[in-house]
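# Observations on chain architecture
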Amino acid sequence: GMAARILHRLRHALAGEGDREERVRGGSEAEDFPESSELEDDTEGLSTRLSGTLSFTRHDEEEEEEEEEEDGAGEELGELPQPTGAAAGAEDGGRCWGLGAGGGGQGGPALWGSSTLGGDPKDEWSPAAERPGSSLLTRQLQELWRKSRGSLAPQRLIFEVTSASVVSDRSSKYVLYTIYLIRSGRFDKAPAAIARRYSDFERLNHRLRCRFGCDMADVAFPRKRLRRNFTAETIAKRSRAFEQFLSHLHSIAEIRRSPEFLEFFFLQDLQAAQRLTCTGMYREALATWANAYRLQDRLGVCSSGRFLLTLAGLAVCHQELDELGEAHGCCEQALQLLEAQGSHPLLGPFLQAHVHLAWKVGKDKRHSEARLQDLREAGPPLHQQPTLKECLIKEPLE
């Protein structure tokens, strides 16, 4: 009704899109960019955010009919309904005007943004209020929006594309998007980051639609294109679409907790960290384990088996790098998670590592020794159990 119309007008007034949309509807731009109507458009703002982080291999690609590996000459995906209700509110809450700095993503030569994350997300609409010509009605709508946000689904995690780069190798050419996971209202000194391409998002979309058909009915996904895949405008539109896509998925409880959604974020890091650890590249492995740790922390899955494996990886790499205090801390955190469990494949290895490290760094080890004694009485001899590093190397990650 009236409230929905007011919020709709607010979104476009604040984003400065009202007049622009009228021009697009009447002009040829709608033909050149058919996906401009399928998701909330913020191309101008996102292009500004991504300026300086887009990497192009050639300057004449706008005029060519390129075929991206994952975006090749296939049929375009049908346009999906816009998200409504609480989910739409969650998407709007995902907007963030700052860029994160630094990062720990992997998967390709992503180019990081140079700006720092600025301001509290509650102030995210302030740039619109400061625009020249902002009318009284716009300010009133802004105040109404701030008051109404309390009734919408809370957006605790923000997904922000901070950079995009065009990657070329011998067999393919694609765009790599770097996404930060940012907790609303907090500043993370060490951000959690992933680097993904269109085909990764498409695979996630397909897997979730197969399993959660009803829940996914209102989740929009950017369509495939036959050409102009590497223009700045296309990349900016897709970046905004991917932010909305992830925010909408995260607003649905069943999807947010599903293995398909969670592993999209951290399985690649776990696999890469395991390979690096097996080959003795402990410094590189440590950075990748640490990013996997941050990703799972942001996603709220710090009691899972994957998280325990991540702590094992961190402990092993810290110990191999002679950072014994940090390794001891990782073991302590894992044993706190395992406190209520009488048996777990990693319990014995963590206890043995903790006792050894506690002795090295001069910490109390009596509690761990008592638990080890209980394990000796209840199970097989401890000398037959694998070490923490052996458990880490042998664990299948698929």
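Residues numbered from 1 in each chain as written. Predicted model: local features only at pLDDT ≥ 70, side-chain atom pairs only at ≥ 80, totals over all residues. Heavy atoms only, no water.

As recorded in an unreviewed UniProt entry, the protein chain goes by SNX21 protein and comes from Zapornia atra. One UniProt comment on the protein chain, placed under Subcellular location (unreviewed entry), says "Early endosome membrane". (UniProt positions renumbered as here; feature names shortened; annotations may be inferred.)

At a closest axis distance of 8 Å, the pairing of helix H11 (residues 259-278) and helix H12 (residues 282-299) adopts a crossing angle of 160°. Relative to H12, H11 is oriented roughly antiparallel. Handedness of the H11/H12 crossing: left-handed. Of the residues in H12, those touching H11 at Phe 261, Leu 262, Phe 265, Phe 266, Asp 269, Leu 270, Ala 272, Ala 273, Gln 274, Leu 276 and Thr 277 are Tyr 282, Glu 284, Ala 285, Thr 288, Trp 289, Asn 291, Ala 292, Leu 295, Gln 296 and Leu 299. Grouping the amino acids of the contact of H11 with H12 by side-chain chemistry returns 14 nonpolar, five polar and two charged. (Axes fitted to C-alpha atoms, helices over the stretch in contact; angles between N-to-C directions. Helix = DSSP H or I, 4+ residues; strand = E, 2+ residues; numbered from the N terminus. Parallel < 35°, antiparallel > 145°, perpendicular 65-115°, else oblique. Left-handed = near helix turned anticlockwise from the far one by under 90°. Contact = heavy atoms within 4.5 Å. Nonpolar A, V, L, I, M, F, W, Y, C, P; charged D, E, K, R; others polar.)

Moving on, we get to the packing of aromatic side chains. To describe a pair of aromatic rings, you give the distance between the ring centres and the angle between the ring planes. Considering all chains together, one arrives at eleven aromatic pairs under this definition. For the ring pair Tyr 177 and Phe 242, a centre distance of 5.2 Å and an interplane angle of 80° mean the geometry is edge-to-face. In this pair, Tyr 177 sits in strand S3 (residues 173-183) while Phe 242 sits in helix H9 (residues 232-250), placing the two residues 65 residues apart along the sequence. Per residue, the accessibility class of Tyr 177 equals that of Phe 242, and both read buried. Ring centres of Tyr 293 and Phe 307 lie 5.0 Å apart, and the angle between their planes is 40°; this geometry places the pair in the tilted category. Of the two residues, Tyr 293 sits in helix H12 while Phe 307 sits in helix H13 (residues 305-320), which places them 14 residues apart along the sequence. Residue Phe 307 is classed as buried on the basis of its relative accessible area, which comes to 0%. Taken together through their ring pairs, the aromatic side chains of Phe 159, Tyr 177, Tyr 198, Phe 201, Phe 221, Phe 242, Phe 245, Phe 261, Phe 264 and Phe 265 make up a single cluster. The residue whose ring lies beneath Lys 173 is Phe 230, and the NZ or CZ to ring-centre distance is 4.6 Å. Over the face of the ring belonging to Tyr 174 we find Arg 197, whose NZ or CZ atom lies 3.6 Å from the ring centre. (Phe/Tyr/Trp six-rings, centres within 6.5 Å; stacked < 30°, edge-to-face > 60°. Buried < 20%, exposed > 50% of the residue type's maximum accessible area, 1.4 Å probe, protein only. Lys NZ or Arg CZ within 6 Å of the ring centre and 35° of its normal.)

A few words on H13. Its 16 residues place the ends of H13 23 Å apart at the C-alpha level, agreeing with the 22 Å of an ideal helix rising 1.5 Å per residue. Directly beyond the C-terminal end of H13, a positive phi value near 65° is found at Asp 322. (Expected span 1.5 Å × (residues − 1).)

The subject of this paragraph is helix H8 (residues 198-211). In this model, H8 (14 residues) spans 20 Å end to end at C-alpha, consistent with the 20 Å of a helix rising 1.5 Å per residue. Every buried residue belonging to H8 is among Tyr 198, Ser 199, Asp 200, Phe 201, Glu 202, Leu 204, Asn 205 and Leu 208, and all of these are buried. Those residues of H8 that are buried are in contact with S3, strand S4 (192-197), H9, helix H10 (253-256) and H11.

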